[in-house]
Amino acid sequence: AELASIAAQCLDSAIGMVKDSKTVDQGSVTRMRQELKSMVKDKVIAAASEALGAAWDTSAQAEGLAPDREAFAAAESAARAMRKCGKMASKLGVEATVSKEIASSLAAVRQGVDQTLVGLEKGNLKEIDAARNTVANATRILEILDGPEKAYEFYREKRVTLRAQE
């Protein structure tokens, strides 16, 4: 998220510089824009996608263990970075790439939760509690990336599935 904030500040500064000065070297502005575009696309979005994917590593959850708190904290930070990149993507000309990565990340989160829920053993409270935590963490990620309405809809749907397993 910090890298996305820096990129956003640099972009705002560059836009302000162009507006305030009539003698700005357009070549410098173009180079700065390309560097920011590359940073957003190749660094921030790539790292955010990786962090989101790591949070839904189902190997520990398959054993009924609680999800890794640090991985979910990193995933939440990654989601915020993606959201920030999404807001400035059109200014950099990477809107399609960022939108595609956000959609892919949303699908990965949903799929990770679905995989967790499919493997639940009915009545196994330890597994159900770990799955409940996973659903709560996923709901937070979805809220950041997709908005509160869709996140709440997701939460309600998964809550019904969890209740059926208790």
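Now for a description of the structure that goes with this document.

This paragraph deals with the overall build of the protein. Looking only at helices and strands, the protein features 7 helices and 0 strands. Sequence-ordered secondary structure for the protein, helices as α and strands as β, is α-α-α-α-α-α-α. Within the span of the protein, comprising 166 residues, buried residues form 35% of the whole. Approximately 9,600 Å² of the protein is accessible, and the part contributed by carbon and sulfur atoms is 50%.

Attention now goes to the packing of helix α2 (residues 26-55) against helix α5 (residues 95-118). Contact pair α2 / α5: the axes reach a minimum separation of 10 Å and the direction vectors enclose 5 degrees. By the angle class used here, α2 and α5 are roughly parallel. Along the contact surface, α2 presents V40, K41, I45, S49 and L52, while α5 presents T97, V98, E101 and S105.

Another aspect to go through is the packing of α5 against helix α7 (residues 148-165). Their axes nearest at 11 Å, the elements α5 and α7 cross at an angle of 10 degrees. Considered as vectors, α5 and α7 are oriented roughly parallel to each other. Taking contact as the criterion, the partners of R110, V113, D114 and L117 in α5 are, on α7, F154, K158, T161 and L162. The residue inventory of the contact of α5 with α7, partitioned by class, reads 4 nonpolar, 1 polar and 3 charged.

This part takes up the pattern of salt bridges. Counted according to the given criterion, the structure contains 8 salt bridges. D114 is paired through a salt bridge with K158; the nearest N and O atoms lie 2.5 Å apart. On the criterion of sequence distance, the pair formed by D114 in helix α5 and K158 in helix α7 is long-range, its members being 44 residues apart. Residue classification places D114 among the partly exposed positions, given a relative accessible area of 32%. For R132, the salt bridge is made with D129, and the minimal N-O distance between the two is 3.6 Å. Placement of both R132 and D129 in helix α6 (residues 125-146) is noted, with a separation of 3 residues, approximately one turn of the helix. Residues joined by salt bridges that share partners form a network here, namely E76, R80, R140 and E143.

Conventions and cut-offs
Residues numbered from 1 in each chain as written. Predicted model: local features only at pLDDT ≥ 70, side-chain atom pairs only at ≥ 80, totals over all residues. Heavy atoms only, no water. Helix = DSSP H or I, 4+ residues; strand = E, 2+ residues; numbered from the N terminus. Buried < 20%, exposed > 50% of the residue type's maximum accessible area, 1.4 Å probe, protein only. Areas by Shrake-Rupley, 256 points an atom, 1.4 Å probe, with all protein chains shown as cover. Axes fitted to C-alpha atoms, helices over the stretch in contact; angles between N-to-C directions. Parallel < 35°, antiparallel > 145°, perpendicular 65-115°, else oblique. Contact = heavy atoms within 4.5 Å. Nonpolar A, V, L, I, M, F, W, Y, C, P; charged D, E, K, R; others polar. Salt bridge = Lys/Arg side-chain N within 4 Å of Asp/Glu carboxyl O.

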